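The chain contents come next:
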Amino acid sequence: MKNYKIAVLAGDGIGPEITREAIKVLKLIEERNDVSFELMPAAFGACAYFEFGDAFPQSTIDICDQADAILKGPIGLSHEQSKTIPIDKQPERGALLPMRRRYNTYANFRPVFLPKALAHFSPLKPEIIGEGIDIIMVRELVGGLYFGSKETGINEQGLRYVKETLEYDEHQISQILHQAFKLAQKRKKVLHNIHKSNVLKSSVLWNEILDEVAKEYPEVEVIHQLVDSAATNLCLKPTQFDVMVMENMFGDILSDQGGGILGSLGLMPSACIGDEKAYYEPSHGSAPDIAGKNIANPYSMIGSVAMMLENSFDMAAEAKNVWDAMQGVFGDGYSTADLSKPGSGVTMISTEQFGDKVVEKLRQMPRVSAA
Ligand code: NAD
């Protein structure tokens, strides 16, 4: 029997609600396989700040250090509530970025997936969705503007100013590009490189390195697209994309747009992979507007579990079952509140009911042995 330790950081807002459903799925996976998961809950985000005065306290660091993988819920407060926490202690600056830095989780994989059968969830017309949307965005996660040096002060004219720097070195760029090329190789052998080299020198270097790395993957066709144009194309012709690679901030923004074209950020799980450690989190935030109402869509969190099973525990077959189970629940005519309006021909279900139905579906699937 394999034993894995999982740090469980439920986070803020809807985090605990969707984490609860993800844990139901993990428990069932345990029942069905020769595997045991030791779940190690820990405080992370605003909740940790209020309890320990630190959004990523030492006790949580210790748990994450020991874990084989980390399952992280969304963190953060509403815009107004955020002001109750000092700027540098706020969840992203105080917990999320330090975690990414600590474990050097430089490769963020964000699937943007909607099969044709679920086209009714999307705000796009069925003819735009065609046979379905199936994109993986590969986002560099530990460099660029978010991690560069920062300075604020008063300038010579007596005006408040801010300076933030966008920094990358060639190693950071080549390591994420290798990840993207390897993924493209396994899929359709087409890689969209998203950049802004007409304005940013960082993109000029990025593209230079890309040309070098591309030589190692001659079978992969590279298509260059400016990030602004890519934003339009995601709406007008999303099916042209398969694997997209981009720097940190472009990936943050375009992947939220990815959620938009599917119909909700609730359909956006992700995997954040480093050489030594990986963590898994929904791409979205803590959704304070719907927290505590049992209406959040847990797909993003359960999908993050599926990505963990595949990437950290070598359980690709069970991961596929989890995806199929979730698609199956929607396929049976159910919908969470984010994806449909009442009266649109679907049966609305709560966060908890979605989790229960996924577990029910999984129970009906033939067992696979853990790798
Ligand atoms: P958000 O992603 O939390 O919410 C945007 C919209 O999407 C809201 O209408 C919300 O209700 C909806 N939504 C998001 N996830 C959903 C789900 N699973 N089911 C149904 N609807 C869902 O973005 P925001 O409101 O701009 O940010 C809220 C907080 O989250 C902020 O404090 C922000 O800093 C933080 N945040 C954290 C992360 C992270 O933990 N990685 C990422 C993004 C934002």
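The notes below deal with the structure included here. Note that the structure is a prediction, hence the values are computed from the model and not measured.

**Notes on the packing of helix 11 (residues 299-313) against helix 12 (residues 316-331)**
Packed helices, taken two at a time, are described by the angle their axes make and the gap between the axes. Between helix 11 and helix 12, whose axes approach to 7 Å, the crossing angle comes to 160 degrees. Comparing their axes, helix 12 and helix 11 come out roughly antiparallel. The chirality of how helix 11 crosses helix 12 is left-handed. Each of Tyr299, Ile302, Gly303, Ala306, Met307, Leu309 and Glu310 in helix 11 lies in contact with helix 12, whose residues at this interface are Ala316, Glu318, Ala319, Val322, Trp323, Met326, Gln327 and Phe330. When the residues that make up the contact of helix 11 with helix 12 are grouped by side-chain class, the tally is 11 nonpolar, two polar and two charged.

**Here's the deal with the site of the ligand**
Lining the immediate environment of the ligand, one finds 23 residues, of which Leu77, Glu92, Gly285, Ala287 and Asp289 sit closest. Interatomic distance of 2.8 Å between a backbone N/O atom of alanine 287 and an oxygen atom of the ligand. Looking at the shell around the ligand residue by residue, the classes come out as 10 nonpolar, eight polar and five charged.

**Regarding the sheet that holds strand 1 (residues 2-9)**
Within the open sheet, the 10 strands sit side by side as 2-1-3-12-11-4-5-10-8-9. Their pairing is mixed. For this open sheet the edge positions go to strand 2 (35-41) and strand 9 (221-226), each flanked by a neighbour on one side alone. Put simply, the sheet's adjacent strands are angled 25 degrees from each other on average, direction ignored. Relative to strand 12 (residues 278-280), strand 11 (residues 271-273) runs antiparallel, the two being bridged by three bridges. If you follow cysteine 272 over to strand 12, its bridge partner there is tyrosine 279.

**As for the layout of surface pockets**
In this structure, the largest pocket spans a volume of roughly 950 Å³. Taken together, 37 residues make up the lining of the largest pocket; nearest its centre are Glu92, Arg93, Leu96, Leu97 and Asp252. Secondary structure elements with two or more residues in the lining of the largest pocket: helix 5 (91-103), strand 6 (150-154), strand 7 (160-164) and helix 10 (248-262). Across the lining of the largest pocket, the residue classes break down as 14 nonpolar, nine polar and 14 charged. Size it by volume and the second largest pocket reaches roughly 730 Å³. Surrounding the second largest pocket, 24 residues form its lining, Ile136, Leu183, Arg187, Glu310 and Trp323 being those nearest its centre. Contributing elements (two or more residues each) for the lining of the second largest pocket: strand 4 (107-115), strand 5 (132-140), helix 7 (170-186), strand 11, helix 11 and helix 12.

**Comments concerning the pattern of salt bridges**
Summed over the entire model, instances satisfying the criterion amount to 15 salt bridges. The closest approach of N and O atoms between glutamate 80 and lysine 83, which form a salt bridge, is 3.2 Å. The salt bridge partner of glutamate 131 is lysine 116, with a shortest N-O separation of 3.3 Å. Residue glutamate 131 is located in the loop between helix 6 (126-129) and strand 5, and its partner lysine 116 is located in the loop between strand 4 and helix 6; the two are separated by 15 residues in the primary sequence.

**Focus: helix 9 (residues 227-236)**
Buried within helix 9 we find Val227, Ala230, Asn233 and Leu234. An end-on view of helix 9 places all buried positions within 110 degrees of arc, on one side of the element. In this fold, the buried residues of helix 9 make contact with strand 5, strand 8 (190-195), strand 9, strand 10 (243-246) and helix 10.

**Thoughts on the state of the cysteines**
Under the criterion given, the structure shown has zero disulfides. No disulfide involves cysteine 47; its sulfur sits 12 Å from the nearest other cysteine sulfur, which is in cysteine 64. Exposure remark for cysteine 47: the relative accessible area of 30% places this residue in the partly exposed category. Cysteine 64 supplies the cysteine sulfur nearest to cysteine 272, a cysteine that is in no disulfide, at a spacing of 12 Å. Taking relative accessible area as the criterion, cysteine 272 reaches 0% and is therefore assigned buried.

**Notes on the environment of lysine 320**
Summarising the element assignment, lysine 320 is placed in helix 12. Once the C-alpha coordinates of lysine 320 and glutamate 310 are considered, the two residues, 10 residues apart in sequence, prove to be 8.5 Å apart. Only 2.6 Å separates the side chain of lysine 320 from the side chain of aspartate 324, close enough to count as a polar contact.

**Description of the packing of helix 7 against helix 8 (residues 201-214)**
One can describe the packing of helix 7 onto helix 8 by two numbers: an axis separation of 9 Å at closest approach and a directional angle of 50 degrees. With respect to helix 8, the axis of helix 7 lies oblique. Once helix 7 is placed against helix 8, the crossing between them reads as right-handed. Residues Glu170, Ile173, Ser174, Ile176, Leu177, His178 and Phe181 of helix 7 lie in contact with helix 8, whose contacting residues are Leu205, Trp206, Ile209, Leu210, Val213 and Ala214. Looking at the contact of helix 7 with helix 8 residue by residue, the classes come out as 10 nonpolar, two polar and one charged.

**Comments concerning a negative patch on the surface**
Taken together, Asp169, Glu170, Glu208, Asp211 and Glu212 make up a surface patch of like negative charges. The dominant element in the negative patch, judged by the number of residues it contributes, is helix 8, at three residues.

**Some points on empty space enclosed by the protein**
If you walk through the whole model with that rule in mind, you get one cavity of 30 Å³ or more. Looking at the largest cavity, its volume works out to about 70 Å³. In terms of lining residues, the largest cavity is bounded by Leu166, Tyr168, Ile194, His195, Leu200, Ser202, Ser203, Trp206, Glu247 and Phe250. Secondary-structure elements contributing two or more residues to the lining of the largest cavity are strand 8 and helix 8. With three residues, the top contributor of residues to the lining of the largest cavity is helix 8. Split into classes, the residues belonging to the lining of the largest cavity amount to six nonpolar, three polar and one charged.

What counts as what
Residues numbered from 1 in each chain as written. Predicted model: local features only at pLDDT ≥ 70, side-chain atom pairs only at ≥ 80, totals over all residues. Heavy atoms only, no water. Axes fitted to C-alpha atoms, helices over the stretch in contact; angles between N-to-C directions. Helix = DSSP H or I, 4+ residues; strand = E, 2+ residues; numbered from the N terminus. Parallel < 35°, antiparallel > 145°, perpendicular 65-115°, else oblique. Left-handed = near helix turned anticlockwise from the far one by under 90°. Contact = heavy atoms within 4.5 Å. Nonpolar A, V, L, I, M, F, W, Y, C, P; charged D, E, K, R; others polar. Near = heavy atom within 4 Å. Polar contact = N/O pair within 3.5 Å; in protein donor to acceptor, adjacent residues only side chain to side chain. Pairing = 2+ DSSP bridges. 1 Å grid on protein atoms, 1.4 Å probe; cavity = no way out; pocket = protein on both sides within 12 Å on 5 of 7 lines; lining within 4 Å. Points joined across faces, edges and corners; volume = space filled by probe spheres on them. Salt bridge = Lys/Arg side-chain N within 4 Å of Asp/Glu carboxyl O. Buried < 20%, exposed > 50% of the residue type's maximum accessible area, 1.4 Å probe, protein only. Arc of directions from axis to C-beta. Disulfide = S-S within 2.5 Å. Patch = residues over 30% accessible without salt bridge, like charges linked within 9 Å, V, L, I, M, F, W, Y side chains within 5 Å. Areas by Shrake-Rupley, 256 points an atom, 1.4 Å probe, with all protein chains shown as cover. Lys, Arg positive; Asp, Glu negative; His and termini not counted. Charge placed at Lys NZ, Arg CZ, Asp CG, Glu CD.

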